[in-house]
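The primary structure of each chain is shown beneath.
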Amino acid sequence: MKLKSLIAAASLAALGTAAMAEGPVKVGMITTLSGGGAGLGIDVRDGFMLAAKMAGNDNLSVVIEDDQRKPEIAVQLADKMIQSDKVDVLTGIIWSNLAMAVVPAATAQGKFYLSPNAGPSALAGKGCDKNYFNVAWQNDNLHEAAGGYANSAGFKNSFILAPNYPAGQDALTGYKRLYKGGLAGEVFTQLGQKDYASEIAQIRASGADSVFFFLPGGMGISFLKQYADSGLDLPVVGPAFSFDQGILQAVGDAAMGVKNTSQWNKDIDNAANAAFVTAFQAEYGRLPSLYASQGYDTANLLLSAMAKADVGDADAFRAALMAADFDSVRGDFKFSANHHPIQDIYVREVIKEGDVYTNKIIGTALEDHSNVYVDECKM
Amino acid sequence: MTTILFIEQVLNGLQFGVMLFLMAAGLTLVFGVMGLINLAHGSLYMVGAFAAAAVAGATGSFLLALIAALAAAAAAGALVELLIIRRLYARDHLDQVLATFALILIFSEGTRWLFGSFPLYLDIPDYLSGPVTLPGGIHYPLYRLALIAAGLAVAAGLFLLISRTRLGIQIRAGESDREMIAALGVDISKLYTIVFALGAALAGLAGALVGAIQSVQVGMGEPVLILAFVVIVIGGIGSIKGALIGALMVGLTSTLGSIAMPALFRMFMDNSAASATGSAVSSMLIYILMAAVLVWRPKGLFGGAV
Amino acid sequence: MNREFLINMVLLLGLAVVPLWAMAGDAPFTITLATKVAILALAGVGLNIALGIGGLISLGHAAFFGIGGYAMGILASHAQSYTALMEWPILIEGTKFMPVIWLVAVAASALAALVIGALSLRTSGVYFIMITLAFGQMFYFFAISWPAYGGEDGLSIYVRNGFPGLNTLVPIHFFGICYSLLVLALWFNACLAKSPFGLALNASRQCPERVETVGLSPFRLRLTAFVISGAITGLSGALFADLNRFVSPTMFSWQTSGEIMVFIILGGVGRLYGPVAGAALFITLEHFLGGLSEYWHIYLGVLLLLVVLFARGGIIGMLAGRQVAHD
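Small disclaimer: the values here were computed from a predicted structure and weren't measured. (Residues numbered from 1 in each chain as written. Chains lettered and ligands numbered in written order. Predicted model: local features only at pLDDT ≥ 70, side-chain atom pairs only at ≥ 80, totals over all residues.)

In this structure, what is going on with the overall build of chain C? I would like to understand it.
If you tally the helices and strands in chain C, you get 13 helices and four strands. Relative to a compact globule of 327 residues, whose C-alpha radius of gyration would be 20 Å, chain C shows 19 Å and is just as compact. Dimensions along the principal axes, computed over C-alpha positions, put chain C at roughly 55 × 50 × 40 Å. Looking at chain C residue by residue over its 327 residues, the buried ones come to 58%. Long-range pairs, those at least 24 residues apart, make up 75% of the contacts in chain C with a sequence separation of at least 6. (Helix = DSSP H or I, 4+ residues; strand = E, 2+ residues; numbered from the N terminus. Rg over C-alpha atoms; globule rule 2.2 N^0.38 Å. Buried ≥ 20, exposed ≤ 12 C-beta atoms within 10 Å, placed from the backbone. Contact = placed C-beta atoms within 7 Å.)

This is how it looks when you write it as structure tokens:
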């Protein structure tokens, strides 16, 4: 599947968009397509390629490569795409540590980088760059929203846990930023840990009234299954990463009723989202995930900028990206001064639709939420 | 730390330990009898978990899932032994390491090709779910108690198998002198296949049992494999008894360390920093334990001549 | 001389010609790939001293590779942010000067190899494999959870470190540096193998009792070899970090140890130039197979299996015939 350039058939004019200043744009997508974390990369790729296909724009070509979730490989792929493939725009990276490895070097060489997922704080604050745009979220956003939700739900004594690595430390900081109650406990687990018996025992002994956790991927699956089995029934809240469409089926009943925070869900009521959900299911035969929606928005942002400016004129192209003149599946979408989304973040609840576990929006945690790093960013 | 919390953590450590034992027992048997170092043992653990998830998904029966896990892992083990592993017995450890490293690549990506990139669903059966109240008012998940019981039962069965049965006699004889038992008319290549399949089945069983409370995904075997290595190095390679004691030591050290270390650092640090530092130190504890044991006894606790 | 010597020279020349040709043909990424081959071959040359001559199967050389990488990362990040590495008891500042970084990388990884070796070499055989693996994992977990230098995020160095008289940002210049170090290491390895030390080490692999009878200590010989081996692998780690302008805990992962070992075996165990041939083949495969299929690891696995089962001498063994240099 890699290295397939996509050159779609129909022309942009057929879609009725004014094709002014239209020049070809070559996109390099570096994402995780093999190994344990491949599900996320595949969703981002599929979302992105779906948008490209639906737009049918001849001028957009995409080179896709697998980073194997290894930062060293990602750096080398970025070098290759910049040096050999002569791409104009890079995108696709899922993980913050890979983004930290690739983005500064890429933007320093004058390439645009559109992040469909990772939004580490270093790239939002002091390390921000005029050519770096994040289309998903700043890493802290969903955790802050969880803290905001905790206040409105009346939590007074949360037990919080996350893996002991930078994104985990940011998650707990993010939760505490807006959360006003006290802490029954704060625990860092090992990255990749699969057994949470010890942490669950500590939660039980701590007298907490609620639990906040950030445990992406398999860690979250393990935690939720074990938590459900422990008989503890404190309310649990977490960011959407442990509840996305791809892994929810593996958690099963243990996730039912759990609240999680997300900037997107398939039931957000707007035309763009409805079209996306239908088209994604028709194309790939599964429900889209959060990551697919981010990939889809990333492609549409890029297409909207291509319609306005030529990528060769970096200033004009940057202004066109900044305008974010596209129909986001999230509804309202605009960029903050440090090129991260200003968007609503919702509270979702895990429900069962027939045989499929999915999410339903039950409220809004934060409206038009930006990020705290805007002031640190000097472009 | 309250007494109740402490007892609960000891139980957690025990449960972790017996599951490690299931992994380590197969590794140590295969090494003891055939002199083979098998990095792909973690892949057999994964095969067990995926087979269980697939069968549980199709039939809804946890018991059938466990049987499927045993059968699939044993079959995969036997197949690999017949096709590849048996060519490696006469080779040095280097070739064995490389060939089984290659097998990991094949198993992992093959599983992903078959089952897709997303984790699979496998859950605890209803009759084992939820907590029970132990004497002293401890709430403890029934399933974890069942895991401890299952692990200890398998351990007991294995000891009986080795000490009381004909196969056990052959295994013990194979450990001390391979050529001699072949000369005595034992079909040595059949024995090897059986031992390898037995070790694989134990790993598959562990994968299925643990998969019910953890995530069933590609790459789940390798972290456990490395812990199992630590276990058999501590216990002494080739020794089932050593594997059991090593597994319990590693399980308890890892579980108790992860709460004791942050508590220790909390005495002279603020809460967040203490959690982070304590967690960093506790992740290294079992390796420190291993180094300490090896300095004291270079062949592990129960290791004979290797 | 013999065929193996010819093959070695072709390999060495080939590795130098490919990037020059790529420079002429304006394919800068090929130079990057060749640089990667040179650096990883250097890591393999390091391991080869322990493994090829000493028979020490270390599955933990990622520890030294990573230490070298972090030596570069830590020094350069302090230089980049103009903060001192240490102010007490003596002031130590960061640096972006390659030779200093190399010295620190070599010293730090040699020290680590001394400690790990002193503990691990008390054991042998399969215990040694597993204990080195476990030590590697220990460093891996430590690097992930220790927040001071980026934890799992790693450290980005924005500009490649400098070397007097060269512009290291030009791919071919940096290649030149890595290639020269590789050639130096190969030469050193060849001298070492023929030196009294190398001969004694080789003997202690084949028959430790005899070595002991003549009054030498196999433990000390092995420990010395292990330290030299770790130091060279550490140096390659520093170069690898400079190639990527980035370090992260993945350099410590056990897959890295496995890959370094794969280079040696693909090329041919006990062959001086085995790691060069192995690394070149591995990187080429990774580059081209990766383009064929999402599941390219399967092909790689099958290929490795075939090499182990049917082409025991590795590439050089196949081309040069069966006689092994050290046996």
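Mind showing me how you'd approach the overall build of chain B here?
Check the secondary structure of chain B and you find eleven helices and two strands. Along the first, second and third principal axes, the C-alpha atoms of chain B reach 65 × 50 × 35 Å. Counting over 306 residues, chain B shows a buried share of 59%.

How should the interface of chain B and chain C be read in this particular structure?
Interfaces are often described in size by the accessible area the parts lose on coming together. Facing 36 residues of chain B, the contacting portion of chain C comprises 37 residues. Only helix H4 (93–115), helix H9 (221–235) and helix H11 (271–296) of chain B provide two or more residues apiece to the side of chain B that touches chain C. Residue composition of the side of chain B that touches chain C, by class: 28 nonpolar, five polar and three charged. (Nonpolar A, V, L, I, M, F, W, Y, C, P; charged D, E, K, R; others polar.)

Even after reading the chapter, I still don't get the environment of Ala38 of chain A, so can you show me in this structure?
Relative to the assigned elements, Ala38 of chain A resides in helix H1 (residues 38–55). Residues Ala38 of chain A and Asp66 of chain A, spaced 28 residues apart in sequence, show a C-alpha to C-alpha distance of 9.1 Å. Every residue in contact with Ala38 of chain A, bar those within four places of it in the chain, is listed here: Thr32 and Leu33 of chain A together with Arg112 and Ser117 of chain B.

Mind showing me how you'd approach the packing of helix H2 (residues 41–59) of chain B against H9 of chain B here?
Geometrically, a packed helix pair is captured by the angle between its two axes and the distance between the axes. Residues and elements named next belong to chain B. Contact geometry of H2 with H9 gives a least axis separation of 8 Å together with a crossing angle of 130°. In this view, H2 runs oblique relative to H9, as classed from their interaxial angle. Once H2 is placed against H9, the crossing between them reads as right-handed. The segment H2 lies against H9, with His41, Gly42, Ser43, Tyr45 and Met46 engaging Gly221, Glu222, Val224, Leu225 and Ala228. When grouped by side-chain class, the residues that make up the contact of H2 with H9 number five nonpolar, four polar and one charged. (Axes fitted to C-alpha atoms, helices over the stretch in contact; angles between N-to-C directions. Parallel < 35°, antiparallel > 145°, perpendicular 65-115°, else oblique. Left-handed = near helix turned anticlockwise from the far one by under 90°.)

What exactly am I supposed to notice about the pairing of strand S2 (residues 138–141) of chain B here?
In the case of a regular strand, side chains alternate between the two sheet surfaces. All names here are of chain B. Alignment of strand S1 (residues 131–134) against S2, held across four bridges, turns out to be antiparallel. Residue Pro131 lies in a different strand from S2, and its bridge partner there is Pro141. As consecutive antiparallel partners, S1 and S2 are separated by three residues, and within that stretch Gly136 has a phi angle of approximately 95°, a positive value. (Pairing = 2+ DSSP bridges.)

Can you help me understand the interface of chain A and chain C in this one?
With 28 residues of chain A at the contact, the number on the chain C side is 23 residues. It is helix H2 (residues 71–85) of chain A that provides the largest number of residues to the side of chain A that touches chain C, a total of eight residues. Residue composition of the side of chain A that touches chain C, by class: 14 nonpolar, eight polar and six charged.

Any chance you could explain the sheet that holds strand S5 (residues 132–134) of chain A here in plain terms?
Backbone-to-backbone hydrogen bonds join strands into a sheet, with any given pair of strands oriented parallel or antiparallel. Residues and elements named next belong to chain A. Ordered by their spatial adjacency, five strands build an open sheet running S2-S1-S3-S4-S5, and the pairing between neighbours is parallel. Of all the strands in the sheet, just strand S2 (60–66) and S5 have a single pairing partner and so form its edges. The sheet shows a mean angle of 20° between the axes of neighbouring strands, taken without regard to direction. Contacts between H2 and the sheet are confined to strand S1 (25–31), S2 and strand S3 (89–91), with S1 contributing the most and set at about 165° to the helix.

Before we go on, may I ask you to explain the UniProt feature "transmembrane region" (unreviewed entry) in chain B in this structure?
Residue and element names in this part refer to chain B. As annotated in UniProt, the feature "transmembrane region" (unreviewed entry) corresponds to residues 16–37, 44–60, 66–85, 97–122, 142–162, 191–213, 225–252 and 273–296 in the numbering used here. Counted over residues 44–60, helix gives 94% and strand 0%. Its end C-alpha atoms are 23 Å apart. Counted over residues 225–252, helix gives 86% and strand 0%. Its end C-alpha atoms are 17 Å apart. (UniProt positions renumbered as here; feature names shortened; annotations may be inferred.)

Just to check I follow, could you spell out the confidence of the model for chain B for this structure?
Atomic detail in the predicted coordinates should be set aside for any region of low pLDDT. Looking at chain B as a whole, the pLDDT averages 89, with 99% of positions reaching at least 70. The least confident element of chain B is helix H7 (residues 178–183) of chain B, whose mean pLDDT is 79; the most confident is helix H3 (residues 62–83) of chain B, at 95. (pLDDT = per-residue confidence, 0-100.)

Would you mind going over the confidence of the model for chain C with me for this structure?
In this model, chain C carries a mean pLDDT of 88, and residues with pLDDT of at least 70 account for 98%. For this predicted complex, the interface score ipTM comes out at 0.83, while the overall pTM is 0.84.

What's the story with the nonpolar core in this structure? I'm lost.
What tends to happen in soluble globular proteins is that the nonpolar side chains get buried as a cluster. Within the largest apolar cluster, 362 residues are counted, with the highest numbers of intra-cluster contacts made by Val102 of chain A together with Ala52 and Val230 of chain B. The leading source of residues in this core is helix H1 (residues 3–34) of chain B, at 17 residues. There are two domains that each give this core at least three residues, and those are domain 1 (12–137 + 267–335) and domain 2 (141–262 + 345–376) of chain A. Those residues in contact with Val230 of chain B that lie beyond four places of it in its chain are Val250, Ile286, Tyr287 and Met290 of chain B together with Ala134 of chain C. (Core = buried A, V, L, I, M, F, W, Y, C linked by C-beta atoms within 7 Å. Domains from an automatic or database assignment.)

For this particular structure, what's the right way to read unusual backbone geometry?
For residues besides glycine, phi is generally negative; the peptide bonds are generally trans as well. Residues and elements named next belong to chain A. Its identity is not glycine, yet Lys86 carries a phi of approximately 55°, on the positive side. Assignment of secondary structure puts Lys86 in the loop between H2 and S3. A tally of 10 C-beta atoms within 10 Å means that Lys86 is categorised as exposed. Positive phi outside glycine occurs at Asp368, with the angle close to 40°. Among the structural elements, Asp368 can be located in strand S13 (residues 356–369). Judged by local crowding, Asp368 falls into the exposed class, with 12 C-beta atoms found within 10 Å.

Could you clarify how one ought to interpret the UniProt feature "transmembrane region" (unreviewed entry) in chain C in this entry?
Residues and elements named next belong to chain C. The positions UniProt marks with the feature "transmembrane region" (unreviewed entry) are residues 34–57, 62–80, 100–119, 126–149, 169–188, 219–240, 260–285 and 297–320. This span, residues 219–240, is 100% helix and 0% strand, and a straight line between its end C-alpha atoms measures 31 Å. In residues 297–320, the share of helix is 88% and the share of strand is 0%. The end C-alpha atoms are 28 Å apart.

Help me out: how do you make sense of helix H8 (residues 188–211) of chain B in this one?
In an α-helix, one turn spans 3.6 residues; hence positions three or four apart end up facing the same way. Taking 1.5 Å as the rise per residue, H8 of chain B with 24 residues should run 34 Å; its terminal C-alpha atoms sit 34 Å apart, in good agreement. For H8 of chain B, the tally of buried residues reaches 19 of 24 residues, placing the bulk of the element in the interior. (Expected span 1.5 Å × (residues − 1).)

Is there a simple way to think about the environment of Leu77 of chain A in this case?
Residues and elements named next belong to chain A. One can find Leu77 in helix H2. Along the chain, Leu77 and Glu65 lie twelve residues apart, while their C-alpha atoms are 7.3 Å from each other. Setting aside anything within four residues of it in sequence, one finds Leu77 in contact with Ile30, Glu65 and Asp67.

Explain the environment of Glu109 of chain B here, please?
Residue position: Glu109 of chain B is located in helix H4. Using a count of 23 C-beta atoms within 10 Å as the deciding quantity, one classes Glu109 of chain B as buried. Separated by 40 residues in the primary sequence, Glu109 of chain B and Ala69 of chain B have C-alpha atoms spaced 19 Å apart. In this view, Glu109 of chain B contacts Ser34 of chain A together with Tyr295, His297 and Ile298 of chain C; residues no more than four positions away in its chain are not counted.

Explain the pairing of strand S4 (residues 112–115) of chain A here, please?
Residue and element names in this part refer to chain A. Of the two faces of S4, the one lined by Phe112 and Leu114 and the one lined by Tyr113 and Ser115 are each fully buried. Bridge count for S4 against S5 is three bridges, and the pairing is parallel. Each residue of the ladder has a partner; that of Ser115, found in S5, is Asn134.

Sorry, what's going on with the packing of helix H7 (residues 196–206) of chain C against helix H9 (residues 218–244) of chain C here?
Residue and element names in this part refer to chain C. Between H7 and H9, whose axes approach to 10 Å, the crossing angle comes to 115°. Read as a crossing pair, H7 and H9 show a hand that is left-handed. Contacts from Ala200, Leu201 and Ser204 in H7 reach Pro218, Leu221, Arg222 and Ala225 in H9. Residues that form the contact of H7 with H9 fall into these classes: five nonpolar, one polar and one charged.

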